[in-house]
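# Structural overview
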Amino acid sequence: MDAKKVLIIEDEKSISDIIKFNLIKEGFEVDAAYDGQEGLNKALTISPDLILLDVMLPIMDGFAVCKKVRETSTVPILMLTAKEEEVDKVLGLELGADDYITKPFGMRELIARIKANIRRADLISTAKNEPANVQQFGNLSIDMNRYEVRKDGIALELTLREFELLKYLAEREDKVFSREQLLEEVWGYEYYGDIRTVDVTVRRLREKLEDDSGNPKYIMTKRGIGYYFRRP
Ligand code: CA
């Protein structure tokens, strides 16, 4: 198998270098950028398998980079956020990051998270060769095997997590799940996030799926409990 390519966008050279050293030791191919603009340029030209993206960057911050990359790419983005800056995590996820890790982090955890995110992305690309398994819910069609969602026949661009959450709920329509359950079932054991991650992902999904995300028809809130999928 070809080496997986990780792009590190981090202005602190000492941090970047130590991550690079450890990733190369693990068999990854690594490229590094030291400001947001250089990072964005590389993200769009070298087709990395994963982007490790710091938030605080010169010229263009990590959020802006994330947003721009997401306009054209579903590459996994793992954000590096500073300790205590809870807002960073939520904002990063809202802009389409797949995952985040808080500084300071252990190298072993970082590598585990990088591998988990690349593995999930690989699963999706393998899934594109699966036989279709399309299920229709109102004007929404979900191909449960191929990670494709269409609304009125038009393909929607969902991130992996958004798709996984939608699939999980749609396969269990009308059943209500708490945020904790969804975090456990959809994000899985390798995830150390908090339950607001679920709310953020639901909000993003609604913006993509619903005609009026303030008045959803598919992904419903059960007040005080959690979320469920309803066939309209
Ligand atoms: Ca920085």
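Just so you know, these numbers come straight off a predicted model, no measurement behind them.

## What to know about the sheet that holds strand β10 (residues 177–178)
- Across the sheet, which stays open at both edges, the three strands sit in the order β10-β12-β11 with antiparallel pairing between neighbours. A single partner strand is all that each edge strand has here, and the edge strands are β10 and β11 (219–222).
- The strands touched by helix α6 (residues 160–170) are β10, β11 and β12 (226–229); relative to β12, the strand with the most contacts, the crossing angle is about 70°.

## So, the packing of helix α5 (residues 107–127) against α6
- For the pair α5 and α6, interaxial distance at closest approach is 11 Å and the crossing angle is 65°. The orientation of α5 relative to α6 falls into the category roughly perpendicular. Here the hand of the crossing between α5 and α6 comes out left-handed. Contact residues: R120, A121 and I124 in α5; L160, R161 and E164 in α6.
- Taken together, the residues of the contact of α5 with α6 break down into three nonpolar, no polar and three charged.

## Examining the environment of I219
- Tracing the backbone shows I219 in strand β11.
- With 50 residues separating them along the chain, I219 and L169 place their C-alpha atoms 8.2 Å apart.
- Each residue touching I219, except ones within four places of it in the same chain, is listed here: L166, L169, V202, L205, R206, L209, E210, Y228 and F229.

## Concerning the packing of helix α7 (residues 179–187) against helix α8 (residues 196–209)
- One way to put it is that α7 packs onto α8 with a least axis distance of 9 Å and a crossing angle of 80°. One element, α7, and the other, α8, form an angle in the roughly perpendicular class. Residues R179, L182, L183 and W187 of α7 form the contact with α8, whose participating residues are T197, V198, D199 and T201.
- Looking at the contact of α7 with α8, its residues break down into four nonpolar, two polar and two charged.

## Focus on the packing of aromatic side chains
- One pass over the full model with this rule turns up four aromatic pairs.
- Look at F137 and F229: their rings are 5.0 Å apart centre to centre, the planes differ by 75°, and that puts the pair in the edge-to-face class. A residue pair is termed long-range when its members are at least 10 positions apart, and F137 in strand β6 (residues 134–137) and F229 in strand β12 qualify at 92 residues. For the pair F137 and F229, one class covers both residues: buried.

## Quick word on the coordination of the calcium ion
- Protein-derived coordination of the calcium ion comes from D11 (OD), D54 (OD) and M56 (O), at a distance range of 2.1 to 2.3 Å.
- For the calcium ion, the donor residues sit on a single chain with the sequence spacing D-x42-D-x1-M. Of this pair, D11 sits in the loop between β1 (5–9) and α1 (13–25) while M56 sits in the loop between β3 (50–54) and α3 (62–70), and the two are 45 residues apart along the sequence.

Thresholds, definitions, all that
- Residues numbered from 1 in each chain as written.
- Predicted model: local features only at pLDDT ≥ 70, side-chain atom pairs only at ≥ 80, totals over all residues.
- Heavy atoms only, no water.
- Pairing = 2+ DSSP bridges.
- Helix = DSSP H or I, 4+ residues; strand = E, 2+ residues; numbered from the N terminus.
- Contact = heavy atoms within 4.5 Å.
- Axes fitted to C-alpha atoms, helices over the stretch in contact; angles between N-to-C directions.
- Parallel < 35°, antiparallel > 145°, perpendicular 65-115°, else oblique.
- Left-handed = near helix turned anticlockwise from the far one by under 90°.
- Nonpolar A, V, L, I, M, F, W, Y, C, P; charged D, E, K, R; others polar.
- Phe/Tyr/Trp six-rings, centres within 6.5 Å; stacked < 30°, edge-to-face > 60°.
- Buried < 20%, exposed > 50% of the residue type's maximum accessible area, 1.4 Å probe, protein only.
- Donors = N, O, S within 2.8 Å, 3.2 Å for Na, K, Ca; no water.

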